[in-house]
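Observations on the three-dimensional arrangement
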Amino acid sequence: MTRQKRTGDAGMTVVLDTGAILAGIDLAGDSRYYITPLAFAELINPNARLKAEIAAEEGGLKIIAPNESSIDEINKKTASLGESEALSPADIETLALALQLKSEDETLILATDDYGIQNTAHALNIKFRPIT
């Protein structure tokens, strides 16, 4: 079974980094929200963590690890851009998930205020939106 690319569904696919949750992004609505396990693990603020846990339990937030080929592609791109040292493993994982999901959903947005993530996303033609 092959997946079709989404182009006009209600809502959009939004990949969140840790900062997006900490900034209080609203996880309600008809968009599909994703975060990686490493980014989720960085949520040490009790209120933000609880909000994310509730959203995950209710199905509004999916916690998904990217595949290895997407991680490899991000590592190559960050090395070529000189961003390798600036990005954490959680940042790499977030970019890799965005890259992976972008191939399935053309409405994907990466929600981040991190300039290193934004720079890499721009180089990969991944749409991003700052939170603050």
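These notes cover the structure that comes with them. Each chain carries its own residue numbering, running from 1 in the direction its sequence is written. This being a predicted model, a pLDDT of at least 70 is required before a residue's local features are given, and a value of 80 or more before pairs of side-chain atoms are given or counted; all residues contribute to the totals for chains, interfaces and linings. Values shown for side chains rest on all heavy atoms present in the structure; no hydrogens or waters enter the calculation.

**Brief notes about unusual backbone geometry**
The backbone of Asn125 sits at a positive phi, close to 55 degrees, despite the residue not being glycine. Classification of residues uses two cut-offs on accessible area relative to the type maximum, computed with a 1.4 Å probe and protein chains only: under 20% is buried, over 50% is exposed, and between them is partly exposed. The class for Asn125 is exposed, based on a relative accessible area of 60%.

**Points about the environment of Gly59**
By the criteria applied, helices consist of DSSP H or I runs no shorter than four residues and strands consist of E runs no shorter than two, each listed in order from the N terminus. Counting through the fold element by element, Gly59 comes out in the loop between helix H3 (46-57) and strand S3 (61-63). Distance from Gly59 to Tyr33, taken between C-alpha atoms, is 9.1 Å for residues 26 residues apart in sequence.

**Thoughts on the sheet that holds strand S1 (residues 13-16)**
Read from one edge of the open sheet, 5 strands run S3-S2-S1-S4-S5, paired in parallel fashion. Taken across any chain shown, the strands that pair with only one partner, and hence form the sheet edges, are S3 and strand S5 (128-129). By this definition, two strands are paired if DSSP reports at least two bridges between them. Of the strand pairs in this sheet, strand S4 (residues 109-111) and S5 are connected by 2 bridges, and their pairing is parallel. Its bridge partner being in S5, Leu110 is matched across the sheet by Phe128.

**Quick word on the pairing of strand S2 (residues 32-35)**
Each regular strand carries side chains that alternate between the two faces of the sheet. The alternating pattern of S2 places Arg32 and Tyr34 on one face and Tyr33 and Ile35 on the opposite face, and all of these are buried. When S1 meets S2, the two strands line up parallel, connected through 3 bridges. Within S2, the position partnered with Val15 by the bridge is Tyr34. Across 3 bridges, S2 lies against S3 in parallel orientation. Counterpart to Ile35 in the pairing with S3 is Ile63.

**Here's the deal with the side chain of Gln118**
Mapped onto the secondary structure, Gln118 falls in helix H6 (residues 115-123). Residue classification places Gln118 among the buried positions, given a relative accessible area of 10%. For Gln118, the side chain forms a polar contact with the main-chain oxygen of Thr112, separated by 2.9 Å. It only takes one pair of heavy atoms within 4.5 Å for two residues to be counted as in contact. Aside from chain neighbours lying at most four places away, what touches Gln118 is Thr112, Asp113, Phe128 and Pro130. Polar contact is the term for a pair of N or O atoms within 3.5 Å; when the atoms are in protein, one must be able to donate a hydrogen and the other to accept it, and sequence-neighboring residues count only if both atoms are side-chain atoms.

**Points about the pattern of salt bridges**
Here, a salt bridge means any Lys or Arg side-chain nitrogen found within 4 Å of an Asp or Glu carboxyl oxygen. Applying the stated rule across the entire model yields 2 salt bridges. For the salt bridge of Arg32 with Asp105, the shortest nitrogen-to-oxygen distance reads 2.9 Å. Here the residue Arg32 occupies a position in strand S2, and Asp105 occupies one in the loop between helix H5 (89-102) and S4, the gap between them amounting to 73 residues. An identical accessibility class is assigned to Arg32 and Asp105; each is buried. With a shortest N-O distance of 3.1 Å, Arg49 and Glu53 are connected by a salt bridge. Taken together, the residues span about one helical turn, with Arg49 and Glu53 both in helix H3 at a distance of 4 residues.

Geometric descriptors of this kind do not, in isolation, establish any biological role.
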